[in-house]
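Structural overview for review
Below are the chains, spelled out letter by letter.
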Amino acid sequence: YFDNSFQIWALRHPRNPISQLFLPIFALCQGFQSCNNAWLYARRLKYGPNFCCAGQLCLGEPHVIKSAVLSPQTRTFCLGQLPLLRRHCPLSDDGCKNTLLIAMSAVDAGGNGDYEKFKKCMEDYLIKSPHVQLRQHDATVKNLLEQLAQDYLEMPPEDFFTDSKREK
């Protein structure tokens, strides 16, 4: 339990020198392990649906995710912004460009409006687009969703979330 409780503390105190020293180590070591679904599922069983991993907070409860996504958010360097080197973004004033869009602050939380623009773009082109609407109701999607629902109901949770070799 040490690594989870330490990461909780460190994420609450991101400017603390101890946090700045050890969170990158957790990010590196656990970052590789977090690519393994079985390992992440075991962490979820051990710590619950919301836990720390690789120096980040993993949310697993739908109502918590919904609340986090729909609430105005103030983002900081701690959320995972990936600044680019100056030579890769010559048009930016400070040599850095925010490449992780979820790291943008909402206007209601002091942001500059980029978050709202990006959200509208996602809705217009990936959710509400007529082409996407058509695809959501075609036979392929219906078959895939039916198979997913059947697997979810019939398979043990461990297998559903971790079995990468099941028949498709």
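First, a word on what this report is: a plain description of the structure on this page. Just so it is clear, the model here is predicted, and its values are computed rather than measured.

**Details of the side chain of Gln7**
- By the secondary structure assignment, Gln7 is in helix α1 (residues 2-12).
- At 3.4 Å, the side chain of Gln7 forms a polar contact with the backbone nitrogen of Ala54.
- Setting aside chain neighbours within four positions, we find Gln7 in contact with Leu23, Phe26, Gln30, Arg43, Cys52, Cys53, Ala54, Gly55 and Gln56.

**Side note on a nonpolar patch on the surface**
- Taken together, the side chains of Trp9, Ile18, Leu21, Phe22 and Ile25 make up a nonpolar region of the molecular surface, amounting to roughly 450 Å² of accessible area.
- In terms of residue count, helix α2 (residues 17-33) provides more of the nonpolar patch than any other element does, four residues in total.
- Mapped onto the secondary structure, Ile18 falls in helix α2.

**Side note on the packing of α1 against α2**
- For the pair α1 and α2, the least separation of the axes is 10 Å and the interaxial angle reads 130°. Comparing their axes, α2 and α1 come out oblique. Note on packing geometry: the crossing formed by α1 with α2 is left-handed. Contacts from Asp3, Phe6, Gln7, Trp9, Ala10 and Leu11 of α1 reach α2 at Ile18, Ser19, Phe22, Leu23, Phe26 and Gln30.

**Comments concerning the pattern of salt bridges**
- Here the structure, examined in full by the defined rule, presents four salt bridges.
- One salt bridge connects Asp3 with Arg43, and the closest N-O pair in it is separated by 2.8 Å. Of the two residues, Asp3 sits in helix α1 while Arg43 sits in helix α3 (residues 37-47), which places them 40 residues apart along the sequence. The burial state of Asp3 is the same as that of Arg43; both residues are buried.
- As a salt-bridge pair, Lys120 and Asp124 come within 2.6 Å of each other at their nearest N and O atoms. Here the residue Lys120 and the residue Asp124 both occupy positions in helix α5 (residues 114-127), the gap between them amounting to four residues, near one helical turn.
- A residue is classified by how much of its surface remains accessible, and Asp124, at 31% relative accessible area, is partly exposed.

**Topic: the packing of aromatic side chains**
- The full count for this structure, using the stated rule, is four aromatic pairs.
- Aromatic pair Phe6 and Trp9: ring centres 5.9 Å apart, planes at 35°, arrangement tilted. With Phe6 and Trp9 both in helix α1 and three residues apart, this pair spans about one turn of that helix.
- Judged by its relative accessible area of 30%, Trp9 is partly exposed.
- Taking 5.6 Å as the distance between ring centres and 25° as the angle between the ring planes, the aromatic pair formed by Phe6 and Phe26 counts as stacked. Pair noted here: Phe6 is in helix α1 and Phe26 is in helix α2, with a separation of 20 residues, a long-range link.
- Given the relative accessible area of 11%, Phe6 is considered buried.
- Since its relative accessible area comes to 15%, Phe26 is described here as buried.
- Put simply, the rings of Phe6, Trp9, Phe22 and Phe26 touch in pairs and so form one group of aromatic residues.

Parameters and conventions
- Residues numbered from 1 in each chain as written.
- Predicted model: local features only at pLDDT ≥ 70, side-chain atom pairs only at ≥ 80, totals over all residues.
- Heavy atoms only, no water.
- Helix = DSSP H or I, 4+ residues; strand = E, 2+ residues; numbered from the N terminus.
- Polar contact = N/O pair within 3.5 Å; in protein donor to acceptor, adjacent residues only side chain to side chain.
- Contact = heavy atoms within 4.5 Å.
- Patch = residues over 30% accessible without salt bridge, like charges linked within 9 Å, V, L, I, M, F, W, Y side chains within 5 Å.
- Areas by Shrake-Rupley, 256 points an atom, 1.4 Å probe, with all protein chains shown as cover.
- Salt bridge = Lys/Arg side-chain N within 4 Å of Asp/Glu carboxyl O.
- Axes fitted to C-alpha atoms, helices over the stretch in contact; angles between N-to-C directions.
- Parallel < 35°, antiparallel > 145°, perpendicular 65-115°, else oblique.
- Left-handed = near helix turned anticlockwise from the far one by under 90°.
- Buried < 20%, exposed > 50% of the residue type's maximum accessible area, 1.4 Å probe, protein only.
- Phe/Tyr/Trp six-rings, centres within 6.5 Å; stacked < 30°, edge-to-face > 60°.

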